[in-house]
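Tertiary structure, described
Spelled out from the first residue to the last, the chains are:
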Amino acid sequence: MRRVLFAALFLVAFAGCNSDESSGPAPIELWVGDNSRPYMPRPVEVAQLVKNDLEAVGFEVEIKPFEWGEYLKRTRNGEHPMCLLGWTTDNADPDNFLWQLLDQDNAAPGSATNVSFFRNQECHDLLIQAQQTTDAHRRADLYKKAQAIIHREVPMVPLVFAKLAHAMRADVVDFHQNPIGTVRLHTVRFEGKEGGTLVYARGSESVNLDPIDAEDGESIKIIDNVYEGLVEFDLDGTAIRPALAKSWTIGDGGKLWTFDLVPGVRFHDGTICDAVAVAANFQRIMAQRSKMPYGACYEMIESVAVEGPGRVVFRLEQPSAVFLANLAMHTASIASLAGWDGDTDVLDRKPVGTGAFRFEEWVPDTRLSIVRNDDYWDAGSRARLERIVFTVEKEPTARIARLRDDQVQFADDPHPKDFETLKKDERIKLLVRDGMNFGYLAMNNDKAPFKDNPILRRAVAHAINKDRIISRAYSGFGQAAVHPLPPTIFLTDESGAPVEAYASETPAYPYDPDLARRLVQESGYLGGGG
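Let me begin by describing the structure that accompanies this report. (Residues numbered from 1 in each chain as written. Predicted model: local features only at pLDDT ≥ 70, side-chain atom pairs only at ≥ 80, totals over all residues. Heavy atoms only, no water.)

**Describing helix H14 (residues 466-473)**
Residues of H14 that are buried: Lys466, Ile469, Ile470 and Ala473. Seen from one end, H14 has its buried residues packed into an arc of 100°, which puts them on one side. Set apart from the buried face of H14 by more than 90 degrees, the exposed residues are Asp467 and Arg472. On the buried face of H14, the contacting elements are helix H2 (43-55), strand S4 (156-169) and strand S20 (478-480). The backbone nitrogen of Asp467 lies 3.3 Å from a side-chain oxygen of the residue at the head of H14, namely Asn465. Backbone geometry just downstream of H14 places Ser475 in the positive-phi region, at approximately 50°. (Buried < 20%, exposed > 50% of the residue type's maximum accessible area, 1.4 Å probe, protein only. Helix = DSSP H or I, 4+ residues; strand = E, 2+ residues; numbered from the N terminus. Arc of directions from axis to C-beta. Contact = heavy atoms within 4.5 Å. Polar contact = N/O pair within 3.5 Å; in protein donor to acceptor, adjacent residues only side chain to side chain.)

Structural data, given as structure tokens:
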């Protein structure tokens, strides 16, 4: 039962001169998406646990669930007070977490990936310096300093570093589980059989298949199989290797990048993928940067030029330690623009790339199918399966039930509570590894009550019992997160040795509800001032 003091403070803050003791603070909405993700298999359950913890220290919280596509659109627009989200790395670089999620460059309403809307000039300067130096030890030091600022200002509460998990029928072989979370399926086959159709159950529908506009994992999953970029990540790791570019050179102190293309590559529509097509894609990115979710990743490009049919030259404004890794991201996939007249709906719904699979059809909320590209330019890497059909089952348990009944042969993100049972089922193969991801609670730094109130944000951090969330919503399979940078993310120095960028020396905000209550009162949220 709330103490009289709390009730009085509620009245002062939110009821003006109204003396009705039943009044309280206006509830803070906690927004949550309605589907499971690798970093948060049961988001509504996590939301309920967070709500319980916050209300135990004096907050009033109302959970507000959304359909996934609408959720992404509205959180990117900054309409939420608090929201639960997560992040799986796009390129295995610390920049992709700290700068992408917490830099002011990425806090523009409408295209924000920084959904905490955190703006801090000191932190920004450190992150930009880290982008522009190629010395791994110097970069690591800069990232640790940035994490110290983020820890002090508490724009978000990192919750859990989660596992990466996939389940499949036992005869599905040659799937490469990449720690980045990239799902490329051209190597997958049924044991002892060529061709065939694989039915793949996932947690949500794709939203947008245009590479420059896509920001959700389920859209990226399709893009990564239909499209290719100039470079790509290894199937099993984070090393960058050639793709549509067979080689590249760097000049002018890191500001001039020249890519020589694989000759004779054609898009699925039969048009040639040459230097003109590649340059047109990047000119499109440069024109749309301010509107794209990942547009700021390519701000360093000053110009792109064609030097003959097989050579593209990029000039950068400054040397960049992340340019090559950003070229391996889905956003830099090369699309056929032959039938594109500026209508984004064409590429949103009918992607045309050069990949080992080509797009077949999309029946929203029912199925999305891709088929083998029999004319794929790399004969040694042609797809083994004839067709892949993606279906949607929002609940992890439903996906696994369909797998057990052989209605599907592959299932994303089984719930950790099912791991032990799945390991004992000889008909099913389970792959689990540490992921490069984390789930988090974002507090909107542009909105009351969190705007200009780090004390209140710190109260939230101390109020949340992460161990309980891991135990109940992750069945114990997870690690309490201190920073928004997973400890699995390493830089490498010139010798190839790993360099830790994770600020392991920074202490966590311990679960301390008594301290959280005191901070809530000190913050002024209850009308008590400092």
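What follows continues from the structure just given.
**Brief notes about unusual backbone geometry**
Following Ala448, the chain continues into Pro449 via a peptide bond in cis, with omega recorded as 5°. Topologically, Pro449 is positioned in the loop between strand S19 (437-443) and helix H13 (454-463). Here Ala92, not a glycine, exhibits a phi torsion of approximately 65°, which is positive. Positionally, Ala92 belongs in the loop between strand S3 (82-88) and helix H4 (95-102). For Ala92, a relative accessible area of 12% gives the class buried. The backbone of Val154 shows a phi angle near 50°, a positive value even though the residue is not glycine. Residue placement: Val154 occurs in the loop between helix H6 (136-153) and S4. You can call Val154 buried: its relative accessible area is 3%.

**A few points about the pairing of S4**
In terms of residue burial, S4 counts as a mostly covered element, since 12 of its 14 residues are buried. With four bridges joining them, S4 and S19 adopt antiparallel strand pairing. The partner of Val157 across the bridge, within S19, is Leu441. With three bridges joining them, S4 and S20 adopt antiparallel strand pairing. Directly across from Val160, in S20, lies its bridge partner Ala480. Strand direction decides the pairing type here: S4 and strand S18 (residues 428-434), joined by seven bridges, are antiparallel. Directly across from Ala167, in S18, lies its bridge partner Leu430. For S4 and strand S17 (residues 410-412), the ladder comprises three bridges, and the chain directions are antiparallel. Considered in S17, the bridge of Met168 is made with Phe410. (Pairing = 2+ DSSP bridges.)

**Structural notes on the pattern of salt bridges**
Under the criterion given, the structure shown has 39 salt bridges. Taking the shortest distance from any N to any O, the salt bridge between Lys221 and Glu218 comes out at 3.1 Å. In this pair, Lys221 and Glu218 are both assigned in helix H7 (residues 217-226), three residues apart and thus about one turn of the helix distant. Arg517 is the partner of Asp514 in a salt bridge, and the nearest nitrogen-oxygen pair spans 2.7 Å. (Salt bridge = Lys/Arg side-chain N within 4 Å of Asp/Glu carboxyl O.)

**Description of the side chain of His415**
Relative to the helices and strands, His415 is located in the loop between S17 and helix H12 (419-424). The class of His415 is buried, set by a relative accessible area of 2%. From its side chain, His415 meets the backbone oxygen of Ala473 in a polar contact 3.1 Å long.

**Things to note about the sheet that holds strand S12 (residues 301-306)**
The four strands are arranged S10-S11-S13-S12 in an open sheet whose pairing can be described as antiparallel. The open sheet has two edge strands, strand S10 (245-251) and S12, and neither has a second partner. The sheet shows a mean angle of 20° between the axes of neighbouring strands, taken without regard to direction. Strand direction decides the pairing type here: S12 and strand S13 (residues 311-316), joined by five bridges, are antiparallel. For Ala305, the partnering residue across the bridge sits in S13 and is Val313. Packing against the sheet, helix H8 (residues 275-288) makes contact with strand S11 (256-261), S12 and S13, and its axis sits at approximately 160° to S12. (Axes fitted to C-alpha atoms, helices over the stretch in contact; angles between N-to-C directions.)

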